[in-house]
Amino acid sequence: MLRPADGMSQARVRTIGVLDAGDPDPMLAELRAGLSALGHVEGKTYRLEIHSGANVPAALRRHADDLVRLKVDVLLVRLTPPLRAAMAATSSIPIVMAAVGSPVESGLIASLGRPGGNVTGMSLGGIQLTGKRLQLMRQLIPGLRRLALVAIAADAYADLYMSGAAQVGRELGLEVTQIKLAGVHELPTAIAAIERERPDAIHTMANLPLDAVPQLSLNSRVPLFPTQRNAVEAGGLMSYGGRLEEQYRGAAAYIDKILKGADPASLAVEEPSHYELVINMRTAKALGLSVPGLLLAQADKIIE
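S.K.: Even after reading the chapter, I still don't get the pairing of strand β2 (residues 46–52), so can you show me in this structure?
M.R.: Consecutive side chains of a regular strand alternate in pointing toward one face of the sheet and then the other. Bridge count for strand β1 (residues 14–20) against β2 is seven bridges, and the pairing is parallel. Each residue of the ladder has a partner; that of aspartate 20, found in β2, is serine 52. In this fold, the crossover linking β1 to β2 by way of helix α1 (residues 25–37) has right-handed handedness.

Structural data, given as C-alpha cells:
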C-alpha cells in the first residue's frame, strides 16, 4: 500500500524529500511557487528535506536510503540517476520525477498513461527529439560532418540517448564520437579528446554541470549544442527541448495530488506541452558563426 493514502491533513506538516544529482535550487524555486499557487505554505503544510548526490550513484543511493529512513511523505527526484536510486530504495513511498528523459524506453515505468508502481511525474522526452536536434545543428552549421557526444556515463539514460543519437547521426552521414565520462572530474579528458578529434560540433546531455559548458565549448572553440535552455544561457550555442520551468511546476501539481491521496500508479506521466528552440547570439559571435535568418525566425528565445 502506497503512502499517503489518507486525505491531506491540516494538523501535520508533510515532508517532501528532494533527491537531486546536482544543484536543486532552480527546481526548488519553481516547486515552491507551484506549491504556493496550490495553497501550500512552507513550514505550515509542508517542509522540504533536500539531499544532493553530485551525480554519483553510490552517494545518491545513500541519500535515497536516508530519505526513506526519515519516512518522508513523497520523494521528488530530478534526472534519471536520482530516480533510479529512489526506486531502489523504496517501493512504497510515492516518487515524483521531473526532467527525466524517456522513462518508458529506459524501463523505469510501464507506460506514460499508467506508469504503475510508485513512480509518476514529468518526462522531458528525449530520444524522439534526436533527429530534430541534429537537423537544427545542420541548419546552423551546414558543413557539419563530425559530431562529439559528451555525457556522464553514470546516467543509464545517457547510454540510451547517446546510442540513439549516434545511430541517427550515422544515418545523416555524420562521423560520431561518443565521449563518456565517469564523473565531472574527467572533464579535462573530454576537453583533451575534443582538442584531439576536432569535431565540428559538440552535443551534450543535461547531466553535465552548467559550468562545464564554457570549458567544453568556448575554450576549445567548438560549437556546443546542449539539450536544455539553461546550458545555452550558460554559454552553449543552441538547444531544442522542453521547458524546465514547466517540468518543475508540473511536479508540484503531482505532489499536491499525492498528498491529497492520489495513487501515483494511476497518474499519467506528462511530457512537455511545447519544445522550445533557444539560440545564444553572444556565443555565436564569440565563435565567429553567422546564424541563418530562417533559423532565427524559428527561435522561441534569442539571447543577445
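S.K.: Teacher, can you tell me more about the pattern of salt bridges here?
M.R.: Note on pairing: side chains with opposite charge can pair once their charged atoms come close. Taken as a whole and judged by the stated rule, the model has 19 salt bridges. Here glutamate 197 makes a salt bridge to arginine 196, at a shortest N to O gap of 3.9 Å. The class of glutamate 197 is partly exposed, set by a relative accessible area of 28%. Residue lysine 260 pairs with aspartate 256 through a salt bridge whose shortest N-O separation is 3.2 Å.

S.K.: Can you help me understand the sheet that holds strand β3 (residues 74–78) in this one?
M.R.: Remark on secondary structure: sheet strands pair via backbone hydrogen bonds, oriented parallel or antiparallel. Spatially, β2-β1-β3-β4-β5 is the arrangement adopted by the five strands of the open sheet, whose pairing is parallel. Strands at the two margins of the open sheet, each flanked by one partner only, are β2 and β5 (119–125). Here the average twist between neighbouring strands, direction ignored, is 15 degrees. Against the sheet, α1 touches β1, β2, β3 and β4 (95–101), its axis set at about 165 degrees to β2.

What counts and how
Counting starts from 1 at the beginning of each chain's written sequence and moves along it residue by residue. Note on the predicted model: pLDDT of at least 70 is required for a residue's local features to be given, and 80 or more for side-chain atom pairs to be given and counted; whole-chain, interface and lining totals, by contrast, use all residues. Water and hydrogen atoms were dropped before computing side-chain values, which therefore reflect all heavy atoms in the structure. Here the rule is simple: two strands pair whenever DSSP picks up at least two bridges between them. By the criteria applied, helices consist of DSSP H or I runs no shorter than four residues and strands consist of E runs no shorter than two, each listed in order from the N terminus. A right-handed crossover is one whose linking path, passing over the helix from the first strand to the second, runs clockwise when the strands point away from the viewer. Take a side-chain nitrogen of Lys or Arg and a carboxyl oxygen of Asp or Glu: if they are within 4 Å of each other, that pair is a salt bridge. Burial here depends on accessible area, computed with a 1.4 Å probe over protein chains only, as a share of the maximum for the residue type. Under 20% is buried, over 50% is exposed, and the range in between is partly exposed. Angular values range over 0 to 180 degrees, each being the angle between N-to-C directions of two axes fitted as lines to C-alpha atoms, with helices fitted over their stretch in contact. Should any heavy atoms of two residues lie within 4.5 Å, those residues are considered in contact.

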